[in-house]
Amino acid sequence: RVLLTYVAALIAAAALSLFSALCAMRPLLLVVALSSGMLAAGSAGLSYAVHLSTNRIGPDLAEECRKLLSQEQGTWEAVASIDASLRELASGLSHCRVGMPEARTIDECPDLLHEMSFGAEHEASMRLERDLETRLGCAGLCHRLGAPLFAGSAAEAEAEAA
């Protein structure tokens, strides 16, 4: 929507500049009008190209998760790896809760983060999970985790439930 608003503003600026240039016969305004029009056209083309490329991710990810859940061989190794990493985090949280029943999220289990081997892959999975929970209100990628893993998203989930 932001990009569409930007393109609309560029088109409006181009139209206003073109109208002013034609009424006052000012060449500089004509240059501004043409520049705004070209920027608007380029932005519209770019936004459409991005829309087309990202529009395919949803169905492709759904198909990959279907394969993963039915134990077929998938084509995106990263999806299986991230999904396994998230399930490992959920399992770690369950183990943490055995010793600390009051812990509701990973953020409340400081020893868990130190015990588990966190490389770049785990950190990327954790960032993705935080985003999934915060922006989409869900926990897990292909396998539903049942409850949020992180404090910020848990607080938001509680606020929505109230």
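Right above here is the structure, for reference.
Residues numbered from 1 in each chain as written. Predicted model: local features only at pLDDT ≥ 70, side-chain atom pairs only at ≥ 80, totals over all residues. Heavy atoms only, no water.

1. Thoughts on a nonpolar patch on the surface
Next up, step 1: Where nonpolar side chains cluster on the molecular surface, the patch consists of Leu 18, Leu 22, Leu 30 and Leu 34 and spans about 360 Å² of accessible area.
Next up, step 2: For the nonpolar patch, the secondary structure elements donating two or more residues are helix H1 (2-24) and helix H2 (27-55).
Next up, step 3: Locating Leu 22 in the fold gives a position in helix H1. (Patch = residues over 30% accessible without salt bridge, like charges linked within 9 Å, V, L, I, M, F, W, Y side chains within 5 Å. Areas by Shrake-Rupley, 256 points an atom, 1.4 Å probe, with all protein chains shown as cover. Salt bridge = Lys/Arg side-chain N within 4 Å of Asp/Glu carboxyl O. Helix = DSSP H or I, 4+ residues; strand = E, 2+ residues; numbered from the N terminus.)

2. Looking at the pattern of salt bridges
Next up, step 1: Under the definition given, this model contains 2 salt bridges.
Next up, step 2: We note a salt bridge from Glu 63 to Arg 66, for which the minimum N-O separation is 2.7 Å. Taken together, the positions of Glu 63 and Arg 66, both in helix H3 (residues 57-69) and 3 residues apart, correspond to about one turn of that helix.
Next up, step 3: Of the residues examined, Arg 66 reaches a relative accessible area of 39% and is grouped as partly exposed.
Next up, step 4: Here Asp 83 makes a salt bridge to Arg 87, at a shortest N to O gap of 3.2 Å. You can see Asp 83 and its partner Arg 87 sitting in helix H4 (residues 77-99), 4 residues apart, about one turn around the helix. (Buried < 20%, exposed > 50% of the residue type's maximum accessible area, 1.4 Å probe, protein only.)

3. Notes on the environment of Arg 104
Next up, step 1: Checked against the element boundaries, Arg 104 lands in the loop between H4 and helix H5 (110-115).
Next up, step 2: It is 8.5 Å that separates the C-alpha atoms of Arg 104 and Pro 148, two residues lying 44 residues apart in sequence.

4. What about H1?
Next up, step 1: Taking 1.5 Å per residue as the helical rise, H1 with its 23 residues ought to reach 33 Å, and the 32 Å between its terminal C-alpha atoms agrees with that figure.
Next up, step 2: Among the residues of H1, Val 7, Leu 10, Ala 14, Ser 17 and Ala 21 are the ones counted as buried.
Next up, step 3: Those residues of H1 that are buried lie in contact with H2.
Next up, step 4: Just beyond H1, the residue with positive phi is Met 25, at close to 55°. (Expected span 1.5 Å × (residues − 1). Contact = heavy atoms within 4.5 Å.)

5. What to know about the state of the cysteines
Next up, step 1: Applying the stated criterion across every chain, the model contains 1 disulfide.
Next up, step 2: Linked covalently through their sulfurs, Cys 96 and Cys 109 form a disulfide whose S-S length is 2.0 Å. Of note, the bridge from Cys 96 to Cys 109 carries an S-S torsion of about -100° and is left-handed in sense. Pair noted here: Cys 96 is in helix H4 and Cys 109 is in the loop between H4 and H5, with a separation of 13 residues, a long-range link.
Next up, step 3: Take Cys 96: its relative accessible area is 14%, and that puts it in the buried class.
Next up, step 4: With relative accessibility at 0%, the residue Cys 109 sits in the buried group. (Disulfide = S-S within 2.5 Å.)

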